[in-house]
Amino acid sequence: MGNLAAKLLTTVAAIGAAALARKLTDGTWKLVTGKDSPNNPEDPDIDIKEAIAFAVLSGVVMGLARMLANRQATKVVAKGQGKSSKQLADSINA
């Protein structure tokens, strides 16, 4: 049961992180370029440099957000179960 709760919490954390990362990416893009972020960077009408820059920005922000959210969720669940974060992470990934 503990593993199910841990997996559920990390999934919810990842979804929340994705939503937050999208808002952060859009805001950063608007701040830097002065334009709205591309709706579809794969659209051939969008300049290739712009598409690459947006893909890099969104990938970095998304990766960091998910990693930080998963780390925090693992800490919370581990504390609740009286385990170390490493023990819990090992049991989730098993």
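Values in this document were obtained by computation on a predicted structure and should not be read as measured data. One numbering rule holds for all chains: residues counted from 1, following each sequence as written. pLDDT decides what is reported in this predicted model: residues at 70 or higher carry local features, side-chain atom pairs at 80 or more are listed and counted, and totals for whole chains, interfaces and linings draw on all residues regardless. Based on all heavy atoms of the structure, the side-chain values leave hydrogens and waters out of the count.

1. Some details on the overall build of the chain
Logical step 1: Summing up its helical and strand segments, the chain has 3 helices and 0 strands in all.
Logical step 2: A helix here means a DSSP run of H or I that spans at least four residues, while a strand means a run of E at least two residues long, and both kinds are numbered starting from the N terminus. Of the regular secondary structure in the chain, the N- to C-terminal order runs α-α-α.
Logical step 3: Expressed along its principal axes, the backbone C-alpha trace of the chain runs to roughly 50 × 25 × 15 Å.
Logical step 4: For every residue, the accessible area obtained with a 1.4 Å probe (protein chains only) is divided by the maximum for its type, and the residue is called buried under 20%, exposed over 50%, and partly exposed between those limits. By the burial criterion, 23% of the 94 residues in the chain qualify as buried.
Logical step 5: Here a residue-residue contact requires only that any non-hydrogen atoms of the pair lie within 4.5 Å. Here the contacts in the chain between residues at least 6 apart in sequence split such that 56% fall between residues at least 24 apart.
Logical step 6: Within the structure as shown, the chain displays about 6,500 Å² of accessible surface, and the carbon and sulfur contribution to it stands at 64%. Areas reported as accessible are Shrake-Rupley estimates using a 1.4 Å probe. Residue values count occlusion only from the protein chains shown.

2. Considerations on a nonpolar patch on the surface
Logical step 1: For patches, a residue must show more than 30% relative accessible area and have no salt bridge; joins then use 9 Å for like charges and 5 Å for nonpolar side chains, namely Val, Leu, Ile, Met, Phe, Trp and Tyr. Think of a salt bridge as a Lys or Arg side-chain nitrogen and an Asp or Glu carboxyl oxygen that are within 4 Å of each other. On the surface, a cluster of nonpolar side chains totalling about 660 Å² of accessible area is made up of Ile-48, Ile-52, Val-56, Val-60, Leu-64, Met-67 and Leu-68.
Logical step 2: Within the secondary structure, Met-67 is located in helix α2 (residues 48–81).

3. Considerations on the environment of Leu-8
Logical step 1: Its place among the elements puts Leu-8 in helix α1 (residues 2–33).
Logical step 2: Through-space distance from the C-alpha of Leu-8 to that of Ala-73 is 9.8 Å; in sequence the pair is 65 residues apart.

4. Considering the nonpolar core
Logical step 1: The definition of a nonpolar core used throughout is a set of buried Ala, Val, Leu, Ile, Met, Phe, Trp, Tyr and Cys residues joined through side-chain atoms within 4.5 Å. Formed by Ala-13, Ala-17, Ala-21, Val-61, Ala-65, Ala-69 and Ala-73, the largest nonpolar core amounts to 7 residues.
Logical step 2: Put simply, the parts of the chain that give this core at least two residues each are α1 and α2.
Logical step 3: Here this core takes 4 residues from α2, the largest share from any one element.

5. Things to note about the pattern of salt bridges
Here the idea is simple: oppositely charged side chains can pair when their charged atoms come close.
Logical step 1: Counted according to the given criterion, the structure contains 3 salt bridges.
Logical step 2: With a closest N to O distance of 3.2 Å, Asp-36 and Lys-30 form a salt bridge.
Logical step 3: Note on Asp-36: relative accessible area 57%, which makes it exposed.
Logical step 4: The shortest N-O distance in the salt bridge between Glu-50 and Lys-35 comes to 3.4 Å. Linking Glu-50 in helix α2 with Lys-35 in the loop between α1 and α2, this pair joins segments that are 15 residues apart in sequence.
Logical step 5: We classify Lys-35 as partly exposed; its relative accessible area is 43%.

6. Observations concerning the side chain of Ser-37
Logical step 1: Its location among the elements puts Ser-37 in the loop between α1 and α2.
Logical step 2: Two N or O atoms count as a polar contact when they lie within 3.5 Å, although within protein this holds only if one can serve as hydrogen donor and the other as acceptor, and sequence-adjacent residues are included solely when both atoms are side-chain atoms. There is a polar contact of 2.6 Å between the side chain of Ser-37 and the side chain of Asp-26.

7. Some words on the packing of aromatic side chains
Logical step 1: Classification of ring pairs uses Phe, Tyr and Trp, with its six-membered ring standing for Trp, and accepts pairs whose centres are within 6.5 Å; under 30 degrees between planes counts as stacked, over 60 as edge-to-face, and the remaining range as tilted. According to the stated counting rule, one finds 1 aromatic pair in the structure shown.
Logical step 2: Judged by centre distance (5.4 Å) and plane angle (90°), the rings of Trp-29 and Phe-54 are edge-to-face. With Trp-29 in helix α1 and Phe-54 in helix α2, the pair connects residues that are 25 residues apart, well separated along the chain.

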